[in-house]
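Single-letter residue listing:
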Amino acid sequence: MLSRRHFCCSGLMAGSLLTLDRAFAADQCAALTSERQAALNPDDALAKLKAGNERFVSRNMRNCDLLEQVRATSVGQFPSAVIVGCIDARVPPELVFDQRIGDIFSARVAGNIINDDIVGSSEFATKLAGAKLIVVLGHSGCGAVKGAIDGAELGELTQLLAKIRPAVDANKDAPGDHTSKNADFVQQVAITNAKLAAENLTKTSGVLRDLVAEKQLAIVAAMHDIATGRVTFLE
């Protein structure tokens, strides 16, 4: 038979665990400060995103007080990473990486292409605002990639898709039909496009190139699977 003392001790233990859980949750939801950002290195920033995506795919996302984060970041922002992603409605970076207000800079453009505006934004986010990591995030079934493969033309979109053509041309020896109906070819072009975009950031920007050389910044490419939510970081 369980004693009264056992119940008392069990209650105290449960209370202590609840307090620890609340403290852990509060720390997980705390907005990044200048000091916390400065303490991170590029590997820390990458690990933070990987852990967030794992929470996303395992349905264990953080439940944070967003209004409290609004108040905490109202006088300054100190994100740890920049996500250069596609405008696709199925790939919202804050959700995919389970990040909250003030955690990341998010730059979105069809096909996650690199242009002068994206480069300039990345320079601001890293050199001036202190982010430690840039992730170029492509995704499966990308409509912009399909359009580039098929040579689609529509207003200013034509010029945007032209920036994806190098990834199409780089896969000219790939097996199968080189059309948007070939899912394997679309995926391979999307992977190449993300990698080339990541490379173009340092080719285009001396600011970013110097930060990488000084090990203050890492730039990586990744692919999001729209069917599973899983993000795979590319070599």
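To be clear, the structure that these remarks concern was listed above.
Residues numbered from 1 in each chain as written. Predicted model: local features only at pLDDT ≥ 70, side-chain atom pairs only at ≥ 80, totals over all residues. Heavy atoms only, no water.

> Give me the overall build of the protein chain: which residues, what numbers.
The helix and strand inventory of the protein chain stands at eleven helices and five strands. Out of the 235 residues in the protein chain, the part that is buried amounts to 42%. Taking the intrachain contacts of the protein chain between residues at least 6 apart in sequence as the baseline, contacts between residues at least 24 apart amount to 71%. Carbon and sulfur atoms provide 55% of the accessible area of the protein chain, an area that totals close to 13,000 Å². (Helix = DSSP H or I, 4+ residues; strand = E, 2+ residues; numbered from the N terminus. Buried < 20%, exposed > 50% of the residue type's maximum accessible area, 1.4 Å probe, protein only. Contact = heavy atoms within 4.5 Å. Areas by Shrake-Rupley, 256 points an atom, 1.4 Å probe, with all protein chains shown as cover.)

> Account for the state of the cysteines, naming residues and giving values.
Across all of its chains, the model carries one disulfide by this definition. The residue that forms a disulfide with C29 is C64, at a sulfur-sulfur distance of 2.0 Å. With the S-S bond torsion at -75°, the cross-link from C29 to C64 turns out left-handed. A residue pair is termed long-range when its members are at least 10 positions apart, and C29 in helix 1 (residues 4-29) and C64 in the loop between helix 3 (42-57) and helix 4 (66-73) qualify at 35 residues. (Disulfide = S-S within 2.5 Å.)

> Describe the pattern of salt bridges, listing the residues and the values that go with them.
Under the criterion given, the structure shown has nine salt bridges. Of the charged contacts in the structure, one is a salt bridge between R62 and D103, with a shortest N-O distance of 3.3 Å. Taken as a pair, R62 in the loop between helix 3 and helix 4 and D103 in the loop between helix 5 (93-96) and strand 2 (104-108) lie far apart in primary sequence, 41 residues in all. Residue R62 is classed as buried on the basis of its relative accessible area, which comes to 14%. Two residues, R71 and E68, come together in a salt bridge whose shortest N-O distance is 3.1 Å. In this pair, R71 and E68 are both assigned in helix 4, three residues apart and thus about one turn of the helix distant. Residue classification places E68 among the partly exposed positions, given a relative accessible area of 39%. In the salt-bridge network here, residues are joined through shared partners; they are R55, R62, D98, R100 and D103. (Salt bridge = Lys/Arg side-chain N within 4 Å of Asp/Glu carboxyl O.)

> Can you lay out the packing of aromatic side chains for me, pointing to particular residues and giving the numbers?
In the structure shown here, the tally under the stated rule is two aromatic pairs. Both rings, one in F97 and one in F233, keep their centres 6.4 Å apart while their planes meet at 40°; by these two values the pair is tilted. Residue F97 is found in the loop between helix 5 and strand 2, and its partner F233 is found in strand 5 (residues 231-233); the two are separated by 136 residues along the sequence. Overall, F97 belongs to the buried group, its relative accessible area being 0%. Relative to F124, the ring of F105 lies with its centre 5.9 Å away and its plane at 75°, an arrangement referred to as edge-to-face. One end of the pair, F105, is in strand 2; the other, F124, is in helix 6 (residues 116-128), and 19 residues separate them in sequence. One residue, K50, lies across the ring of F233, its end atom 5.5 Å from the ring centre. (Phe/Tyr/Trp six-rings, centres within 6.5 Å; stacked < 30°, edge-to-face > 60°. Lys NZ or Arg CZ within 6 Å of the ring centre and 35° of its normal.)

> So, helix 10 (residues 183-204): which residues are in play, and what are the values?
The periodicity of an α-helix, 3.6 residues per turn, causes residues three or four places apart in sequence to face the same way. Taking 1.5 Å as the rise per residue, helix 10 with 22 residues should run 32 Å; its terminal C-alpha atoms sit 31 Å apart, in good agreement. Listed as buried for helix 10 are F185, V186, V189, A190, I191, T192, N193, A194, A197, A198 and L201. Where helix 10 is buried, its residues touch helix 6, strand 3 (133-139), helix 7 (143-150), helix 9 (165-169), helix 11 (206-213) and strand 4 (218-224). The N-terminus of helix 10 is capped by N182, whose side-chain oxygen sits 3.2 Å from the backbone nitrogen of D184. (Expected span 1.5 Å × (residues − 1). Polar contact = N/O pair within 3.5 Å; in protein donor to acceptor, adjacent residues only side chain to side chain.)

> Before we move on, can you summarise the sheet that holds strand 4 with the specific residues and values?
With respect to topology, five strands assemble into an open sheet ordered 2-1-3-4-5, the strand pairing being mixed. Single-partner strands in this sheet number two, and they are strand 2 and strand 5. Pairs of neighbouring strands in the sheet enclose a mean axial angle of 25°, with direction left out of account. Both strand 4 and strand 5 contribute to a ladder of three bridges, which runs antiparallel. Within the sheet, the bridge partner assigned to A222 lies in strand 5 and is F233. Across the sheet, helix 10 is in contact with strand 3 and strand 4; its angle to strand 4 comes to roughly 165°. (Pairing = 2+ DSSP bridges. Axes fitted to C-alpha atoms, helices over the stretch in contact; angles between N-to-C directions.)

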